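Take a look at the letters that make up each chain.
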Amino acid sequence: DGIVAAIGTGSVFARQLKGEIRAIGGWGLRLGDEASGAWIGRVMLSRITRIFDGYVAPSPLSAQIAGELGGAPGIVQFSLGARPADYAAFAPRILAAARQGDTAAAHVLTEAEAEIRAAIVHLQPQDPVPVTWLGGLGEALALDDWPRRAPLGTALDGALAMAMDEATWND
């Protein structure tokens, strides 16, 4: 029994409890993927548009990213053709800047942590089970709210196990 928080370019959360599996999320960036690398990048760009509109003050990282993309017109242009991986490319910088006190990045990280916490709380039974953190950002975004369990293998190991398990295939 336990919960998996798989957070990379996208995100999905799943719980196994007494042999029953329940998964939430994994809807892709346009509909979800909360707290994923792509979501973090998109939320940062959205935060930068709030800066342009005067709602919040700029931060060093927001100014740097805005400059790299060519200001407001460049951010809009970027958004029109960006794939999830394009947004996710910003995530490592955002997480590093958040931990160094950049206000815009810290805001995004706080939102990501809230999304992760909400997903895991939603899946946790009355008697909490451990959480396994997977994906390229899983460890970087891991919360200490619950006991942890180390993964038993890689994502490829899991995919191969599922492929070999006839019960996972629909007729």
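Our subject is the structure that appears above.
Below, the structure is looked at part by part.

Definitions and limits used
Residues numbered from 1 in each chain as written. Predicted model: local features only at pLDDT ≥ 70, side-chain atom pairs only at ≥ 80, totals over all residues. Heavy atoms only, no water. Pairing = 2+ DSSP bridges. Helix = DSSP H or I, 4+ residues; strand = E, 2+ residues; numbered from the N terminus. Axes fitted to C-alpha atoms, helices over the stretch in contact; angles between N-to-C directions. Contact = heavy atoms within 4.5 Å. Buried < 20%, exposed > 50% of the residue type's maximum accessible area, 1.4 Å probe, protein only. Core = buried A, V, L, I, M, F, W, Y, C linked by side-chain atoms within 4.5 Å. Salt bridge = Lys/Arg side-chain N within 4 Å of Asp/Glu carboxyl O.

## Comments concerning the sheet that holds strand S3 (residues 20-25)
At step 1: Read from one edge of the open sheet, four strands run S3-S2-S1-S4, paired in mixed fashion. Looking at the sheet topology across the chains shown, the edges are occupied by S3 and strand S4 (131-134). Ignoring which end each strand starts from, the neighbouring axes of this sheet average 15 degrees apart.
At step 2: Looking at chain direction, strand S2 (residues 11-17) and S3 are connected through six bridges and run antiparallel. Among the inter-strand pairings, Val12 is bridged to a residue of S3, identified as Gly25.
At step 3: Across the sheet, helix H6 (residues 103-123) touches strand S1 (2-7), S2, S3 and S4, and the angle it forms with S2 is around 20 degrees.

## With respect to the side chain of Gln124
At step 1: Position of Gln124 relative to the elements: it lies in the loop between H6 and S4.
At step 2: The buried category is assigned to Gln124, whose relative accessible area is 14%.
At step 3: Apart from the residues within four sequence positions on either side, Gln124 is in contact with Ile3, Arg15, Val129, Val131 and Trp146.

## Observations regarding the nonpolar core
Taken as a class, soluble globular proteins show a tendency for nonpolar side chains to be buried jointly.
At step 1: By size, the foremost hydrophobic cluster in this structure holds 45 residues, and its most contacted members are Phe13, Ile40, Met44, Ile116, Ile120 and Trp133.
At step 2: Secondary-structure elements contributing two or more residues to this core are S1, helix H1 (37-52), helix H2 (60-69), helix H3 (71-81), helix H4 (84-88), helix H5 (91-99), H6 and S4.
At step 3: Residues in contact with Met44, not counting those within four places in the same chain, are Leu61, Ile65, Ile94, Ala104, Ala105 and Val108.

## Brief notes about the pattern of salt bridges
At step 1: Under the definition given, this model contains five salt bridges.
At step 2: Across the pair Glu68 and Arg93 runs a salt bridge, and its minimum N-O distance is 2.9 Å. With Glu68 in helix H2 and Arg93 in helix H5, this residue pair connects regions lying 25 residues apart in the sequence.
At step 3: By relative accessible area, Arg93 is classed as partly exposed at 30%.
At step 4: When salt bridges that share partners are traced, they join Glu139, Asp144 and Arg148 into one network.

## With respect to the environment of Val108
At step 1: Along the chain, the position of Val108 falls in helix H6.
At step 2: Sequence separation of Val108 and Ala163 is 55 residues, and the distance between their C-alpha atoms is 36 Å.
At step 3: Setting aside its immediate chain neighbours within four residues, Val108 contacts Trp39, Ile40, Val43, Met44 and Ile94.

From the geometry alone we can't say anything about function, so treat these as descriptive.
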